[in-house]
Amino acid sequence: MPETFTVYGTYDLSFRYEKDGLDLSIEPEDGKYLYRRTLNGQTKTRTILSSGGRLIINPVEPLNLPKEVCRSLLVEFEPLSIEPGAEQTIYLTFPVEIGVFVAGRGNLELLDIFSWNKQKYTLYGSSEKGVIARWWPSTARSSPPDLDPLKEGLLSLEISNTTREWVEVSKVVLDGFGMKIYYGDLVSVQAWMRVLSTMVAETGFYDRSAREGQKKAVELFAVRGLAGVERQRFLMDRGL
Amino acid sequence: MFDFGLDDPIFFYPSLTWGHLVYIVLVILVAATLAKAVTLYLRKTLTDKIKLSQLDLLLKAVNYSVLIITVLIIVPFFNINLGGLLVAGGFASIVIGIASQSVLGNLISGLFLLIERPITIGDNINIGNVSGNITDINIFSTIVKTYDGVYVRIPNEKVFTSEITNYVAHEARRFEYVIGIPYDDDANEAIRIIREVVWSHPFALKDPSPSIYVDELADSSVNIKVRIWAPATEWWDVRTDLLWKIKEELSKNGIEMPFPQQVIWFQNELQGRVALRSGEGRPRAGPDEHT
């Protein structure tokens, strides 16, 4: 596959990218650095005081726009019936959000997050016991599709049906805090779903890339240093 | 000359020496400094990492722990028997409790509030006739900052016995609009437009899905009811954001909100005999036009 040029990578603090409606730049100005990003008519600027840091741009957990209200991602697809005891991998997509970090003296600071995708949220479960989740519709495929790495990522989902019954699955809810994103000419995550009954499943992520040569993305929730992020599994007990 | 030594007993409390007093003061100073330093450090490092309510609870726990440890270190210098103190404290608490029932009531209510947790710090609530955000829950009282920024202290007993409405206790909540359109316009088209506007808002939840339907054939308009679910933390922003967007989009598509109006039919025709007298601002009815 030919290598796709994307905005992802590590750059000096003098950089400009202009493509697909995105105008992103960081330039020295009066002894400071001015970061400016314009996408879809919206502009964000930040002034940075640094004595020579680096700019890191990579996909991040897609749970930040337009503002962070939840930590779960719900991917919905057409219903699939899975036979008892079966283990299958299906290929879904997930929305890409791009994080811009500035690195200096061994530490990272988040400058900006943007995305080409529209956001939509949903409720998984009931209003009193459920959880708010980022909603994303996807087609369930049996082989990986070609995707624009700036807009969609590949979600490989290993589903194992541990029950003795046929089970219908039409959604997967994942805890975004354990999301291990790899990027290059493809953005990908690998996840698993263990079906425990016709109504309950457990989900989580693997820490591995889909292809050779992919880099691991800086984890946004790790950069923020949020406490209690060690939980990386989600119990889907409100239906599959 | 005054003879003063650290081993000399204090004249008003002979069982205690000046050295003990210096030690006690040092312990109190160290404990106060330690409590302040630890709470400051925790506040600095955890403010953006855990919920404010949990942080406040943690800071209170740290402060009370330091206080209890300090008291336990100091008490032996006063030759106080802790067992006896507990018994005496038990009796004293009964006496004090009877003497100050409301204080005890507030204390117990505070404990029940902490166990039941109908409210937490930061929640939007309505308690009795007070509405606002909970800023603190203490042992005796609950502090509310009303939406116009006023400090209100409510005794816990009143909180516990009042009807509490917590607007953000659940993950999602619903709000609704009534949109009136003229009788001449197509209600189905209006519903389609409203549905598109609602769909375009990220926090108008996909599930539970919005409900949009003709609710009433009113005097001046066809009323369309719009019911939308939003994350409890965002519902007010969504509510204020969407209404005008719906109005604008309907206007863009030629559907204007009608003013209140009434069509009046006269049983007998006026036959053009209504005239205005010079200087009068209203029509004058003829003698046979009162039916």
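A short tour of the structure in this document, coming up.

This paragraph deals with the overall build of chain B. A count of helical and extended segments in chain B gives seven helices and ten strands. Taken across its 291 residues, chain B has 31% of its residues classed as buried. Long-range pairs, those at least 24 residues apart, make up 55% of the contacts in chain B between residues at least 6 apart in sequence. Total accessible area computed for chain B in this model is approximately 19400 Å², and 61% of it derives from carbon and sulfur atoms.

In this section: the pairing of strand S8 (residues 172-181) of chain B. Residue and element names in this part refer to chain B. Most of S8 sits inside the fold, with seven of its ten residues counted as buried. Pairing geometry for S8 and strand S10 (residues 222-231), over ten bridges, is antiparallel. Across the sheet, Ile-181 pairs through a bridge with Val-222, a residue of S10.

Following the sequence through the fold, A:Ser127 ends up in the loop between strand S11 (121-124) and strand S12 (131-137). For A:Ser127, the residues in contact, after removing those within four places along its chain, are B:His170, B:Glu171, B:Ala172 and B:Trp229.

The interface is formed by 19 residues belonging to chain A together with 19 residues belonging to chain B. Buried surface at the junction of chain A and chain B, both sides included, amounts to about 1600 Å², of which 63% is carbon and sulfur. Summed over the three residues of chain A that lose the most area to chain B, namely A:Lys120, A:Ser127 and A:Ile132, the buried surface amounts to 31% of that side. Remark: the boundary between chain A and chain B carries two salt bridges. Linking B:Lys206 and A:Glu76 is a salt bridge whose minimum nitrogen-to-oxygen distance equals 3.1 Å. Of all the elements in the fold, those that place two or more residues in the side of chain A that touches chain B are S11 and S12 of chain A. Each residue belonging to the side of chain A that touches chain B can be placed in one class, and the counts come to nine nonpolar, five polar and five charged.

What follows deals with helix H7 (residues 235-252) of chain B. Counting along an α-helix, one turn takes 3.6 residues, and residues three or four places apart therefore face a common direction. Residues and elements named next belong to chain B. Its 18 residues give H7 an end-to-end C-alpha distance of 26 Å, which sits within 8% of 26 Å, the value for a rise of 1.5 Å per residue. Among all positions of H7, only Trp-235, Val-238, Leu-242, Ile-246, Leu-250 and Ser-251 are buried. Those residues of H7 that are buried are in contact with S8, helix H6 (187-200) and S10.

The next subject is the pattern of salt bridges. Enumeration according to the criterion identifies 28 salt bridges over all chains in this entry. Taking the shortest distance from any N to any O, the salt bridge between B:Lys60 and B:Asp136 comes out at 3.1 Å. Linking B:Lys60 in helix H2 (residues 52-74) with B:Asp136 in strand S4 (residues 130-137), this pair joins segments that are 76 residues apart in sequence. The class for B:Lys60 is partly exposed, based on a relative accessible area of 24%. Residue classification places B:Asp136 among the partly exposed residues on the basis of a relative accessible area of 21%. Several salt bridges share partner residues, and in doing so they unite A:Arg16, A:Glu18, A:Asp23 and A:Glu27 into one network.

Let us look at helix H4 (residues 101-116) of chain B. All names here are of chain B. For H4, spanning 16 residues, the distance from its first C-alpha to its last is 22 Å, which sits close to the expected 22 Å at 1.5 Å a residue. Among the residues of H4, those classed as buried are Gly-105, Asn-106, Ser-109, Gly-110 and Leu-113. Projected onto a plane normal to the axis of H4, the buried residues spread over an arc of 140° and lie on a single side. Counted as exposed and oriented over 90 degrees from the buried face of H4: Gln-101 and Ile-115.

As a further point, take unusual backbone geometry. In terms of backbone geometry, most residues other than glycine have negative phi values and most peptide bonds are trans. Residue A:Pro66 is reached from A:Leu65 by a cis peptide bond, and omega for that bond is -10°. In this fold, A:Pro66 is placed in the loop between strand S6 (54-60) and strand S7 (72-82). Note the cis peptide between B:Asp207 and B:Pro208, where omega equals -5°. Relative to the helices and strands, B:Pro208 is located in the loop between H6 and strand S9 (211-217). At A:Asp20, a position not held by glycine, the phi torsion is positive, near 55°. Within the fold, A:Asp20 resides in the loop between strand S2 (15-19) and strand S3 (22-29). With a relative accessible area of 39%, A:Asp20 lands in the partly exposed category. Of note, A:Asp30 is a non-glycine position whose phi angle comes to about 55°, a positive value.

Conventions we followed
- Residues numbered from 1 in each chain as written.
- Chains lettered and ligands numbered in written order.
- Predicted model: local features only at pLDDT ≥ 70, side-chain atom pairs only at ≥ 80, totals over all residues.
- Heavy atoms only, no water.
- Helix = DSSP H or I, 4+ residues; strand = E, 2+ residues; numbered from the N terminus.
- Buried < 20%, exposed > 50% of the residue type's maximum accessible area, 1.4 Å probe, protein only.
- Contact = heavy atoms within 4.5 Å.
- Areas by Shrake-Rupley, 256 points an atom, 1.4 Å probe, with all protein chains shown as cover.
- Pairing = 2+ DSSP bridges.
- Buried area = accessible area lost by both parts, 1.4 Å probe.
- Salt bridge = Lys/Arg side-chain N within 4 Å of Asp/Glu carboxyl O.
- Nonpolar A, V, L, I, M, F, W, Y, C, P; charged D, E, K, R; others polar.
- Expected span 1.5 Å × (residues − 1).
- Arc of directions from axis to C-beta.

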